[in-house]
Amino acid sequence: STSDFGVTAYELFTDNDNVSARQAVLTYQGKRLYPKNYPEQRIDVIKNYGGKVGIFLGDSYTAMGSSYITAFCERHNIVCDNRGLASSTIAGSEDKVTVGYHAFWVRLNEALAEYRNGKVIDGVTYYLLDIAFIHFMGGANDWYTVDESQGIDRLGDITSENKEQLYGACKYIFSTFLTECPKADIVVTLQPTNVNGDDNNHAMHLKENIVRECAELYSLPINDCRFSWFNATNPEDLAKYWQSDNLHLSDDGNDRLWNVDLE
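Residues numbered from 1 in each chain as written. Predicted model: local features only at pLDDT ≥ 70, side-chain atom pairs only at ≥ 80, totals over all residues. Heavy atoms only, no water.

A. Broad picture of the sheet that holds strand β11 (residues 185-190). With parallel pairing, five strands are arranged side by side in an open sheet as β5-β4-β8-β11-β12. The open sheet has two edge strands with one neighbour each: β5 (78-84) and β12 (222-224). Going from strand to strand, the sheet's axes swing by 15° on average, the running direction of each strand aside. Pairing analysis gives four bridges linking strand β8 (residues 131-137) to β11, with the strands arranged parallel. From the neighbouring strand, Phe133 faces β11, where its bridge partner is Asp185. Against the sheet, helix α2 (residues 66-76) contacts β4 (52-58), β5 and β8, and its axis sits at roughly 155° relative to β5. Relative to β8, helix α4 (residues 166-180) is tilted by about 170°, and along the sheet it contacts β4, β8 and β11. (Pairing = 2+ DSSP bridges. Helix = DSSP H or I, 4+ residues; strand = E, 2+ residues; numbered from the N terminus. Axes fitted to C-alpha atoms, helices over the stretch in contact; angles between N-to-C directions. Contact = heavy atoms within 4.5 Å.)

This is the structure we're talking about:
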C-alpha cells in the first residue's frame, strides 16, 4: 500500500555501544520529518581522552580553579598538568622578570622540554605525543598600553614576532601548540573581565580582543568568557559569578567555566 512516509539515505553503522544499527532520513510527503525532542531526552556525550595528558596554561584564574580543573579532567579521563601561576603574563622576557612575570611562552617551552625528556606524573612517564588536550587562558596581568617604566609598546600588532609584546607572544604560543602537539585538542578561553574600575575593564576588553584575534589567526576553538558571557555590570551577575575582589571567579563562575558542579 502507498504511504505518505518514506526513508532515504538508509545505511548501517555501529553505535556507541558497539552494536550494529540502522540510520536513515525519515520523510513525510516528500519532505524531511524531524521528531520533536526535549532536553530530558538528550544524552550528554562526554569525550574520553583515554588517560592522555591535559596541559592548562594560565595565571591565577587557572591556579585558583584547580579543584574544578581536576574535576573536569576526571570527567574526561585526562591526566591533569595544571600550569596556572598567579601574576603570570602572556608576554614577557625570557629571564621571566625584566618584562612581565614568568611569561606564558617561557613556561610553555619549559613544559614541552619536560615532555620531550619524559615527564613523570603519579609514577607514569608521559611524552609529547601523550598530550591530548591544551587549555589556554590569560591576559589579566599583561600591559595594555605603553610600559611607562621603559617607554615600550607592550601590545604590538598582528605582524609582531616579539614575544615581549602580547601579539607576538600569543602568536608564538598558538603556533607552538600546533607544531609541537598537532594531535591535541586546543581551547583558548577569553578571560572573564576585571571589573575593578573602568580602566581595568577597558584593558581586559583590549587584551582579550588581541587573544581572540590571534586564536582566530590559527583557527583555534574559542571559549568566550569575555564578550559573550555573564555581564559584570549587572549587579546580580557580578555577585554570583565573581568573587568580592571583582576579579577572580566565584564557585558559580568556575562551575560555569568548566561545566562541572562540585556541590
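B. Spatial organisation of the nonpolar core. If you look at the biggest cluster of nonpolar residues, it comprises 37 residues, and the most contacted ones within it are Ile90, Ile131, Phe136, Ile173, Phe174 and Phe177. When residues of this core are traced back to their parent elements, those giving at least two are β4, α3 (104-117), β8, α4, β11 and α5 (198-217). Counting residues in each nonpolar core, the second largest holds 25 residues, with Tyr68, Ala71, Ala132 and Ala232 among its members. (Core = buried A, V, L, I, M, F, W, Y, C linked by side-chain atoms within 4.5 Å. Buried < 20%, exposed > 50% of the residue type's maximum accessible area, 1.4 Å probe, protein only.)

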